[in-house]
Amino acid sequence: MKILVCISKTPETTAKIAFKDGNTAYDESGVQFIMNPYDEWYALVRAVELKEANGGTVTVINVGPATNDVVIRKALAIGADDAIRVDAEPTSAMFVAQQIAAQASGFDLVMTGKETIDYNGSEVGAMVAELLEVPYVSYATAIDMSGNTATVTREIEGGNEVSEVTTPLVISAAKGMAEQRIPNMRGIMMAKRKPLNVVAAAGGDNLVKVAAFALPADKAGVKMIDPDNMDELVRLLQEEAKVL
Amino acid sequence: MVLVYAESHEGKFKKAALEAVAYGNETAKVLGTECAAVVIGDANEAGTLGQYGASAVHHISSDNLAHFDSQTYAAALSGAATALGAKVVILAHNSAGKSLAGRIAVKLSAGCVTAANAVPTNDGAFKVKKNVFAGKAVADYQIDSDVKVLTLSGNSIKPEVVGADITVSPLSVDVPASKIKVISTNKQQGDTAPLPEAELVVSAGRGMKDPGNWGIIEDLANAIGATTACSRPVADIGWRPHHEHVGQTGVAIKPNLYIAAGISGAIQHLAGVNSSKCIVVINKDPEAPFFKAADYGVCADLFDVVPKLTEAIKKAKAKTIY
Ligand SMILES: Cc1cc2nc3c(=O)[nH]c(=O)nc-3n(C[C@H](O)[C@H](O)[C@H](O)COP(=O)(O)OP(=O)(O)OC[C@H]3O[C@@H](n4cnc5c(N)ncnc54)[C@H](O)[C@@H]3O)c2cc1C
Ligand SMILES: Nc1ncnc2c1ncn2[C@@H]1O[C@H](COP(=O)(O)O)[C@@H](O)[C@H]1O
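Residues numbered from 1 in each chain as written. Chains lettered and ligands numbered in written order. Predicted model: local features only at pLDDT ≥ 70, side-chain atom pairs only at ≥ 80, totals over all residues. Heavy atoms only, no water.

Overview of the overall build of chain A
A count of helices and strands for chain A gives 6 helices and 15 strands. Seen along its three principal axes, the alpha-carbon backbone of chain A occupies a region of about 65 × 45 × 40 Å. The long-range share in chain A, meaning contacts at least 24 apart out of those at least 6 apart in sequence, stands at 69%. Split by element, the accessible area of chain A, about 10,100 Å² in all, is 50% carbon and sulfur. Taking the average location of the 22 positive side-chain charges in chain A and that of its 33 negative ones, the two points are 7 Å from each other. (Helix = DSSP H or I, 4+ residues; strand = E, 2+ residues; numbered from the N terminus. Contact = heavy atoms within 4.5 Å. Areas by Shrake-Rupley, 256 points an atom, 1.4 Å probe, with all protein chains shown as cover. Lys, Arg positive; Asp, Glu negative; His and termini not counted. Charge placed at Lys NZ, Arg CZ, Asp CG, Glu CD.)

In structure tokens, the structure reads:
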């Protein structure tokens, strides 16, 4: 089985958030980037586990500039066999999905993270599936393969649902699908020699752009309540905050 | 026209669907047009959507839509959008809406913004806001395509009754057969709202020391009818179920009230909860970072304060009854 795992990079979770160019672009200077946790911890690790159990290959794909190669090498160190980088700025979810779909022929299973933790789009997986005209199971917390049939558990409001679907197929991975893996020395050494193929973008649409970023209004400041006077807290929640 | 997918469960509409209709109505006003709703499956109560601002309700019924599949549902909804000439398609930002938005956007060559949290503006360009960078910034997105797809973040608008029941008209669209076979659907027991929809949330973290201590958190949650949540480490070590984990890598919520006990307020935790309308933090460490993000703080031992708060709430509730 051939698995394609879509990986994106996001600012490290404690990175400072600032903007430039008249608040139209994120200021990346001095920011550390990481692989999007859903892509790394869940989609990629589960793909590698499926390969270890059933054979096949795992390819990772990223749409982004050459500076993303560090993140791609980490994915190879975790256990992917090879990588594709589409050499273009990931300007919108639609554009990214079109690039991924253009590279996805021949793969049985395409895996994405459930969302990126910076823009929380949750769009790319559904778009890739539609472009490829294949089924999409979102927020999967478990996947097992038997031949070309996948048994997938997905999160729904207040519970989960188990379904069966045959490949080709796109799924998005949520927490529970696998356990985070830290790459070991051997993995890191091997990653250096694994193929990372850089390809040019295949056209694509950008129908959406950020017109302006803004920082949220500051909180008024915390009101400290006497621990021996919880009646006062309840009164404030009822009368001042009006939430009870 | 603005077209809203009003998701129903056994014919009933949940808050997310009513919010989507109310938001569709507001969006329609901005564009100087009308808001129509589309319902799939049991449509017995679909006429009530008129109360929340729908000026038409269309009902799609097909055996191929017996269970949710983003492929068949997206075909049905984009078919409806095309048939009705919709310029904006609105979905709830929930499990179904998120699975559908990208597909519908591809089918309609539409620009898509998910988790919108304010009514769009339309002066020269169509713009809509959402929270980005874990609530640390707001982005105003401009959509340039003719047709637009939006998902609405929960708790962003209050559905109010603005109209009356209307008649439901059947709509026929082509729907392919589903390639997904549903084996089982498992709903957790309990009558509190699932976390993403909850208006009141009581949450606890590592300060609880032991999973056996959660009774006081559940008592507090029961006293106000809140849903329980937790910090990530607590879910990771198995003290609490995974689905309760809130934060940057868990569920992002924005309830009216978020009470956090024994949670330090790490930046990744705040990321999932800092859009809450009101935050109460109970922590024995005056330096806990969470106090900076709180509206009300109680600096004390949670094992002492939480039961006291529960009692105070019960007392206040008893008063309002008599
Ligand atoms: C990439 C990444 C993603 C992450 N994503 C998330 C996420 O989505 N959600 C999340 O929650 N975390 C996340 N984390 C983890 C996060 O950094 C923190 O480690 C975590 O939130 C801390 O959990 P906690 O507050 O329960 O525990 P601690 O930080 O250990 O805090 C416990 C608190 O309880 C207080 N306390 C102890 N005893 C008492 C008592 N008797 N009475 C009152 N107060 C008491 C202490 O003063 C302390 O402030 C992530 C981390 C990383 C690196
Ligand atoms: N630039 C990118 N390159 C490759 N995959 C991506 C990229 N952006 C997003 N993805 C994938 O799509 C998923 C959902 O992203 P999003 O729709 O942006 O929230 C991510 O978890 C990744 O798996």
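Details of the site of ligand 1
Among the 28 residues in the neighbourhood of ligand 1, the closest are listed as B:K209, B:S231, B:T249, B:S264 and B:Q268. The local environment of ligand 1 is shared, drawing residues from chains A and B. At 2.8 Å, a backbone N or O of B:L302 approaches a nitrogen atom of ligand 1. Here ligand 1, which alone exposes 1,000 Å², has 81% of that area covered by the protein. For the shell around ligand 1, the elements supplying multiple residues, two or more each, are α5 (232–236), α6 (267–273) and α7 (302–321) of chain B. Of the residues contributing to the shell around ligand 1, the split by class is 8 nonpolar, 14 polar and 6 charged. (Near = heavy atom within 4 Å. Polar contact = N/O pair within 3.5 Å; in protein donor to acceptor, adjacent residues only side chain to side chain. Nonpolar A, V, L, I, M, F, W, Y, C, P; charged D, E, K, R; others polar.)

Considerations on the interface of chain A and chain B
Counting from both sides, the interface comprises 74 residues of chain A and, opposite them, 81 residues of chain B. Taking both partners together, chain A and chain B bury about 6,700 Å²; carbon and sulfur atoms supply 58% of that area. It is A:E130, A:E157 and A:K175 that lose the most area in chain A upon contact with chain B, and together they represent 11% of the buried surface on that side. Our count for the contact surface shared by chain A and chain B stands at 7 salt bridges. For B:K315, the salt bridge goes to A:D231, with nearest N and O atoms at 2.8 Å. Inspection of the chain A/chain B interface yields 33 residue pairs in polar contact (both at pLDDT 80 or more). Only α1 (37–54), α4 (124–132), β9 (136–146), β10 (149–156), β11 (159–166), β14 (208–214), β15 (223–224) and α6 (230–240) of chain A provide two or more residues apiece to the side of chain A that touches chain B. For the side of chain A that touches chain B, the residue count by class is 44 nonpolar, 13 polar and 17 charged. As paired strands, β11(A) and strand β13 (residues 181–187) of chain B are joined by 6 bridges and run antiparallel to one another. Following the sheet pairing, A:S163 is matched in β13(B) by B:V182. (Buried area = accessible area lost by both parts, 1.4 Å probe. Salt bridge = Lys/Arg side-chain N within 4 Å of Asp/Glu carboxyl O. Pairing = 2+ DSSP bridges.)

Observations regarding helix α3 (residues 93–103) of chain A
Across the 11 residues of α3(A), 9 count as buried, placing the element largely inside the fold. Taken together, the buried positions of α3(A) are A:A93, A:M94, A:F95, A:V96, A:A97, A:Q98, A:Q99, A:I100 and A:A101. Contacts from the buried residues of α3(A) go to β1 (2–6), β6 (57–63), β7 (82–86) and α4 of chain A together with α3 (95–107) of chain B. (Buried < 20%, exposed > 50% of the residue type's maximum accessible area, 1.4 Å probe, protein only.)

As for the site of ligand 2
Residue and element names in this part refer to chain A. Taken together, 19 residues sit near ligand 2, with C6, D39, V63, S122 and E123 positioned nearest. C6 places a main-chain nitrogen or oxygen 2.7 Å from an oxygen atom of ligand 2. Here an oxygen atom of ligand 2 sits 3.3 Å away from a polar atom, N or O, in the side chain of N36. In isolation ligand 2 has 480 Å² of accessible area, and contact with the protein removes 93% of it.

Considerations on the domain arrangement of chain B
Residue and element names in this part refer to chain B. Each assigned domain of chain B is listed here: domain 1 (2–170) and domain 2 (195–321). Relative placement of domain 1 and domain 2: their C-alpha centres are 32 Å apart. If you look at the interface, domain 1 gives 11 residues, while domain 2 gives 12 residues. At the boundary of domain 1 with domain 2, total buried surface from both sides reaches about 840 Å², with 37% on carbon and sulfur atoms. When the buried surface of domain 1 facing domain 2 is broken down by residue, K15, A134 and N155 rank first, second and third, together holding 54% of it. For the pair domain 1 and domain 2, the interface holds 1 salt bridge. On inspection of domain 1 and its partner domain 2, the count reaches 5 residue pairs in polar contact (both at pLDDT 80 or more). Looking at the side of domain 1 that touches domain 2 residue by residue, the classes come out as 1 nonpolar, 7 polar and 3 charged. (Domains from an automatic or database assignment.)

Quick look at the environment of B:P307
Residues and elements named next belong to chain B. Note on placement: P307 falls in helix α7. Judged by its relative accessible area of 30%, P307 is partly exposed. For P307, the contacting residues outside a window of four places in its chain are I216 and L302.

Points about the environment of B:A116
All names here are of chain B. Along the chain, A116 turns up in strand β7 (residues 111–116). Judged by relative accessible area, A116 falls into the buried class, the value being 0%. A C-alpha to C-alpha distance of 9.7 Å links A116 and A139, two positions 23 residues apart in sequence. The contact partners of A116, leaving out residues within four places of it in the chain, are Y23, V128, K129, K130, T151, L152, S153 and S156.

What to know about the side chain of A:Q98
Relative to the helices and strands, A:Q98 is located in helix α3. Taking relative accessible area as the criterion, A:Q98 reaches 17% and is therefore assigned buried.

A look at the packing of α3(A) against α4(A)
To describe two helices that pack against each other, one gives the angle between their axes and the distance between the axes. Residues and elements named next belong to chain A. Packing of α3 against α4 leaves a shortest axis separation of 9 Å and a crossing angle of 50 degrees. Judged on the interaxial angle alone, α4 and α3 are oblique. Where α3 crosses over α4, the two elements pack in a sense that is right-handed. In this structure, α3 uses A93, M94, V96, A97, Q98, I100 and A101 to contact α4, whose residues at the interface are V124, M127, V128, L131 and L132. Grouping the constituent residues of the contact of α3 with α4 by class yields 11 nonpolar, 1 polar and no charged. (Axes fitted to C-alpha atoms, helices over the stretch in contact; angles between N-to-C directions. Parallel < 35°, antiparallel > 145°, perpendicular 65-115°, else oblique. Left-handed = near helix turned anticlockwise from the far one by under 90°.)

Let's talk about the pairing of strand β12 (residues 169–173) of chain A
All names here are of chain A. In terms of burial, β12 is largely enclosed, as 5 of its 5 residues are buried. Of the two faces of β12, the one carrying L169, I171 and A173 and the one carrying V170 and S172 are both buried. Examined bridge by bridge, strand β8 (residues 109–113) and β12 share 5 bridges and lie parallel to one another. Residue pairing for β12: G113 is matched across the bridge by A173. Here 3 bridges tie β9 to β12, and the two strands are oriented parallel to one another.

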